[in-house]
Amino acid sequence: MPIVSLPVMWIIFIDVIAWTFFHLFISAVCMRLPLEFFLKDRLLFQIFSWEKSGELWQRLIRVKTWKGSLIDGTIFLKKGYSKKGLHGTRLDDLKIFAAETKRAELTHWLSILPAPLFFLWNPLWAGWVMILYAFVFNLPIIVVQRYNRGRIDAITS
């Protein structure tokens, strides 16, 4: 049961504002993290052997066919590291690209976390829709980051 009962148009408006706030706030926080944090190998970002250097994602969901149609979040913040293409082919360029995929992956994992808050003002069914939205919006981007990083890791390892 939501804490307050609001007309549907107000609930939709609040949902849009809240998601916009969460996405921008989490993105801004992750953008402030130093590159060095993402250059280190951390368990959180490891590509697992069962991912087969990202090829699992291609085989299961044909990631190469649709990843180019995703919007790169850097266009909204007007700063950051665009991952639409490589910025060079030197080893350092590839390592920075891989590090930035970790930043994007972290951003999108964290962007799922606020979803349960939407139960505070939404009816139960709409709260579940917000949970679904959080996963449907963020998981494809996470998969693309893991796919790209898996391919880069296979080259640079």
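Residues numbered from 1 in each chain as written. Predicted model: local features only at pLDDT ≥ 70, side-chain atom pairs only at ≥ 80, totals over all residues. Heavy atoms only, no water.

Peer 1: What am I meant to see in the overall build of the chain here?
Peer 2: A count of helices and strands for the chain gives seven helices and zero strands. The order of helices and strands in the chain, counted from the N terminus, is α-α-α-α-α-α-α. A total of 157 residues make up the chain; the buried ones form 38% of that total. Partitioning the intrachain contacts of the chain with sequence separation of at least 6 by distance along the chain shows that 73% fall at a separation of at least 24. On the chain, roughly 9,900 Å² of surface is accessible, and the fraction owed to carbon and sulfur atoms is 71%. (Helix = DSSP H or I, 4+ residues; strand = E, 2+ residues; numbered from the N terminus. Buried < 20%, exposed > 50% of the residue type's maximum accessible area, 1.4 Å probe, protein only. Contact = heavy atoms within 4.5 Å. Areas by Shrake-Rupley, 256 points an atom, 1.4 Å probe, with all protein chains shown as cover.)

Peer 1: Even after reading the chapter, I still don't get the packing of aromatic side chains, so can you show me in this structure?
Peer 2: Each aromatic ring pair is specified by the distance between its two centres and by the angle formed by the two planes. Throughout the structure, instances matching the rule amount to 14 aromatic pairs. When the ring of Phe-118 is compared with that of Trp-121, the centres are 5.0 Å apart and the planes differ by 55°; the resulting orientation is tilted. Summarising the burial analysis for this pair, Phe-118 and Trp-121 share the class buried. Each ring, one from Tyr-133 and one from Phe-137, has its centre 5.6 Å from the other, and the planes form 20°; the classification is stacked. With Tyr-133 and Phe-137 both in helix H7 (residues 124-156) and four residues apart, the pair spans about one turn of that helix. Clustering of aromatic rings is evident, with ring pairs tying together Trp-19, Phe-21, Phe-22, Phe-25, Phe-118, Trp-121, Tyr-133 and Phe-137. (Phe/Tyr/Trp six-rings, centres within 6.5 Å; stacked < 30°, edge-to-face > 60°.)

Peer 1: Help me out: how do you make sense of unusual backbone geometry in this one?
Peer 2: What is expected of a backbone is that most residues other than glycine have negative phi and most peptide bonds are trans. Backbone geometry at Ser-53 places phi at a positive 55°, although glycine is not the residue there. Inspection of the secondary structure assignment puts Ser-53 in the loop between helix H2 (35-39) and helix H3 (55-61). Positioned with a positive phi, Arg-62 is a non-glycine residue whose angle comes to about 50°. As for its position among the elements, Arg-62 is in the loop between H3 and helix H4 (63-66).

Peer 1: Teacher, can you tell me more about the nonpolar core here?
Peer 2: Most often, soluble globular proteins keep nonpolar side chains buried together rather than apart. Grouped together as the largest cluster of nonpolar side chains are 12 residues: Ile-11, Ala-18, Trp-19, Phe-22, Ile-112, Ala-115, Phe-118, Trp-121, Met-130, Ile-131, Ala-134 and Ile-142. Of all elements in the fold, only helix H1 (8-32) and H7 reach the threshold of two or more residues within this core. Beyond its immediate stretch of four places on either side in the chain, Ile-112 contacts Ala-134, Phe-135, Asn-138, Leu-139 and Ile-142. (Core = buried A, V, L, I, M, F, W, Y, C linked by side-chain atoms within 4.5 Å.)

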